[in-house]
Amino acid sequence: MQIIRRLFLKIKRFPIANLIKNQLIIAAYILQKNISVGDVVSILIPRCEFMPITALGALKAGCVYQPLDSTYPPERLNFMIKDADAKLLITTKKLRNLITDFTGEILFIDEIPHAEKISLPQIMPEDIFILLYTSGSTGVPKGVKLKHKNMVCFINWYKKFYNLTEKNCVGSYASFGFDANMMDTYPALTCGAAICIVPEEIRLDLEAMNKYFEENQVTHAFMTTQIARQFATDIENQSLKYLSSGGEKLVTLNPPKNYNFYNGYDPTECTIFTTIFKVKKAEANIPIGKPLDNVKLYVVDQNFNRVPIGACGELWVAGLQVGAGYLNRPEKTAEVFIKNPFDDGEYSNAYRTGDIVRYRADGNIEFIGRRDGQVKIRGFRIELSEVEAVIRQFDDIKEVTVQAYDYANGGKFIAAFITSDKQINVVELTAFIKIQKPAYMVPAVIMQIDKIPLTINNKIDKKHYQNPNLNTQSMWLPPTSLKKIFATFLRKFSIWKKLELKMISLNLAAIQFWQ
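First, a word on scope: everything that follows refers to the structure included in this document. (Residues numbered from 1 in each chain as written. Predicted model: local features only at pLDDT ≥ 70, side-chain atom pairs only at ≥ 80, totals over all residues. Heavy atoms only, no water.)

1. Considering the packing of helix α7 (residues 206-215) against helix α8 (residues 225-234)
Contact geometry for α7 and α8: axes closest at 11 Å, N-to-C directions at 75°. Judged by the inter-axis angle, α7 sits roughly perpendicular to α8. Contacts between α7 and α8 involve L206, M209, N210 and F213 from the former and I227, Q230 and F231 from the latter. Class assignment of the residues belonging to the contact of α7 with α8 gives a composition of 5 nonpolar, 2 polar and no charged. (Axes fitted to C-alpha atoms, helices over the stretch in contact; angles between N-to-C directions. Helix = DSSP H or I, 4+ residues; strand = E, 2+ residues; numbered from the N terminus. Parallel < 35°, antiparallel > 145°, perpendicular 65-115°, else oblique. Contact = heavy atoms within 4.5 Å. Nonpolar A, V, L, I, M, F, W, Y, C, P; charged D, E, K, R; others polar.)

Now the structure itself:
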């Protein structure tokens with residue numbers, strides 16, 4: 001019998017029959033509350049077997065499910081639920097306290113009532129499957145709507161590409177609110193494979209996670225780019241057949257010998273992966289690969305003309321994985337979800353990614369960078385302007401700019417440069433940001449400077465932020481386990497002479513991820 005497993009002090013086994021029974025109970029409960037097809041059900045629960053159970057219960061009732069991450073600030077969680085106009089909140093009594101603005105129906109997972117059997121609604125391919133939130137340029141998160149047909153296409157591709165069968169076991173690593181959680185869940189459930197939900201307490205402990213994988217014979221797994229790279233280079237695993245990475249640009253590595261390692265490209269708006277590349281050797285710029293089934297790619301210039309091989313341009317994605325747009329954001333939807341001028345039929349709708357790429361002669365695509373202020377931090381796409389907007393709300397801040405930088409071993413972090421007529425308490429500013437934004441959006445470094453350098457056109461001169469010289473006398477040094485990261489930062493920015501720094505602080509909350 002196939003099972004969903006989770007590790008506490010011992011393995012907790014959850015038979016598929018119980019999964020079906022519980023999801024049907026939840027679906028019946030939803031329908032008896034007169035919640036309609038297409039309504040949103042918000043789910044705020046810890047990592048446990050109820051992640052797929054509650055999601056499937058909502059889907060069986062014809063609803064859209066909205067997965068929420070309990071590590072997000074309450075203000076962000078409350079906004080998402082309100083923006084979605086959720087009709088039901090599924091949560092625990094402990095996490096319920098995070099939600100202060102919701103007055104609708106609430107179902108606690110430890111108090112699921114018995115419900116009579118009820119006729120389930122018919123689900124259509126165009127119906128909305130999930131609502132996922134990404135960063136917005138105005139400081140307001142955007143809800144991405146993905147359809148049932150989007151997921152069907154991805155699931156079919158995944159099972160074929162990764163040879164997934166009922167004999168396999170998928171390690172579920174991704175956060176519940178991250179689109180990759182769908183990749184960890186639905187392909188396995190549709191073919192009878194087992195799922196091992198990686199416990200929160202070992203998600204950053206690679207040795208413990210490796211032991212967990214081997215004990216449970218995990219054959220397929222996804223991890224965010226930096227964790228996947230570190231796992232692939234530092235850990236010798238004997239159970240995996242496929243390890244996929246995604247979320248950020250992958251820094252060169254020698255791929256593992258015991259299993260296949262993949263670099264995926266994953267805009268949320270196009271249903272998890274859009275391209276995939278098997279890493280066979282170390283390369284200076286590891287490609288993001290070729291398109292999935294039912295996906296077509298176009299690289300275009302500023303005039304929307306396709307560019308030749310080797311030329312840089314914006315990547316457009318078309319096909320059955322392109323989502324339905326943004327919730328309550330018609331102007332933004334019209335801007336990036338467009339009619340495809342190059343094709344019609346199943347490829348008539350296209351998504352403008354905003355990513356600059358180029359085709360190689362072998363047909364693979366290389367990622368170059370963004371055309372706007374978005375960056376990927378820990379796999380989450382954020383707008384730097386959204387972080388700036390929060391910092392400007394802090395007392396006595398005059399000017400602010402937030403810039404992204406690369407760690408030496410891959411991945412990015414963000415640094416905030418601020419000006420004020422007073423000395424700003426960086427600890428208080430960091431706490432202020434954490435109240436409103438999730439940890440991955442809190443700057444790893446905050447520096448107070450005399451002025452923000454501008455170009456001749458009075459725009460922020462980003463070139464001046466490439467090599468800042470930190471004033472070591474005014475630094476607060478982190479604990480020993482973080483000094484290596486900090487030293488790398490110092491070496492990287494050792495020759496900047498143009499700005500006089502008044503203070504600097506490293507935010508432990510932002511970089512504890514790396515410990």
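2. Some details on the packing of aromatic side chains
Aromatic rings considered in pairs are described by the distance between their centres and by the relative angle of their planes. Across all of its chains, the model carries 25 aromatic pairs by this definition. Arranged with centres 4.9 Å apart and planes meeting at 25°, the rings of W157 and F161 form a pair that is stacked. One end of the pair, W157, and the other, F161, are both in helix α5 (residues 148-161), 4 residues apart, so they sit about a helical turn from each other. You can call W157 buried: its relative accessible area is 4%. Taking relative accessible area as the criterion, F161 reaches 29% and is therefore assigned partly exposed. Judged by centre distance (6.4 Å) and plane angle (50°), the ring pair of F178 and F222 falls under tilted. (Phe/Tyr/Trp six-rings, centres within 6.5 Å; stacked < 30°, edge-to-face > 60°. Buried < 20%, exposed > 50% of the residue type's maximum accessible area, 1.4 Å probe, protein only.)

3. Thoughts on a nonpolar patch on the surface
Taken together, the side chains of I16, I20, L24, I118 and L120 make up a nonpolar region of the molecular surface, amounting to roughly 360 Å² of accessible area. Note that I118 resides in the loop between β6 (105-108) and β7 (128-134). (Patch = residues over 30% accessible without salt bridge, like charges linked within 9 Å, V, L, I, M, F, W, Y side chains within 5 Å. Areas by Shrake-Rupley, 256 points an atom, 1.4 Å probe, with all protein chains shown as cover. Salt bridge = Lys/Arg side-chain N within 4 Å of Asp/Glu carboxyl O.)

4. Details of unusual backbone geometry
In this structure, N34 is a non-glycine residue whose phi angle is positive, near 60°. Relative accessible area serves as the criterion here: at 67%, N34 is assigned to the exposed category. One non-glycine residue, T271, lies in positive phi territory at about 65°. Here T271 is to be found in the loop between β13 (260-265) and β14 (275-278).

5. A short note on the nonpolar core
Membership of the largest hydrophobic core comes to 114 residues, with the highest contact counts inside it found for I30, Y65, M182, Y186, F273 and I391. In terms of residue count, the dominant contributor to this core is helix α2 (residues 50-60) (7 residues). In this structure I391 touches I397, V400, V402, A416, I418, L429, I433 and P443, once residues within four positions along its chain are discounted. Ranked by size, the runner-up nonpolar core spans 27 residues in total, among them M209, Y212, V218 and M223. (Core = buried A, V, L, I, M, F, W, Y, C linked by side-chain atoms within 4.5 Å.)

6. Examining the state of the cysteines
The final tally for this structure, using the stated rule, is 0 disulfides. C196 takes part in no disulfide bond, and the closest cysteine sulfur, belonging to C169, lies 3.4 Å away. Overall, the relative accessible area of 0% leaves C196 in the buried class. (Disulfide = S-S within 2.5 Å.)

7. Digging into the side chain of S245
Inspection of the secondary structure assignment puts S245 in strand β12 (residues 242-246). Judged by relative accessible area, which is 0%, S245 ranks as buried. With sequence-adjacent residues up to four places away left out, S245 is seen in contact with F222, M223, T225, A228, L250, F261, Y262, N263, G264 and F273.

8. Thoughts on the pattern of salt bridges
The tally for this structure, following the rule as stated, stands at 20 salt bridges. The salt bridge involving E200 is made with R203; its shortest N-O contact spans 3.3 Å. Between D421 and K398 there is a salt bridge, with its nearest N and O atoms 3.4 Å apart. Linking D421 in the loop between β25 (412-419) and α11 (426-436) with K398 in the loop between α10 (384-392) and β24 (399-406), this pair joins segments that are 23 residues apart in sequence.

9. Here's the deal with empty space enclosed by the protein
By rolling a water-sized probe across the atoms, one finds the places where empty space is left. One pass over the structure, following the stated rule, counts 7 cavities of 30 Å³ or more. Its volume calculated, the largest cavity comes out at about 190 Å³. Forming the boundary of the largest cavity are 17 residues, of which Y133, T134, F178, T268 and F380 lie nearest the centre. Going through the elements one at a time, β7 and β23 (380-383) are the ones with two or more residues in the lining of the largest cavity. With 3 residues, the top contributor of residues to the lining of the largest cavity is β7. Class assignment of the residues belonging to the lining of the largest cavity gives a composition of 7 nonpolar, 5 polar and 5 charged. (1 Å grid on protein atoms, 1.4 Å probe; cavity = no way out; pocket = protein on both sides within 12 Å on 5 of 7 lines; lining within 4 Å. Points joined across faces, edges and corners; volume = space filled by probe spheres on them.)

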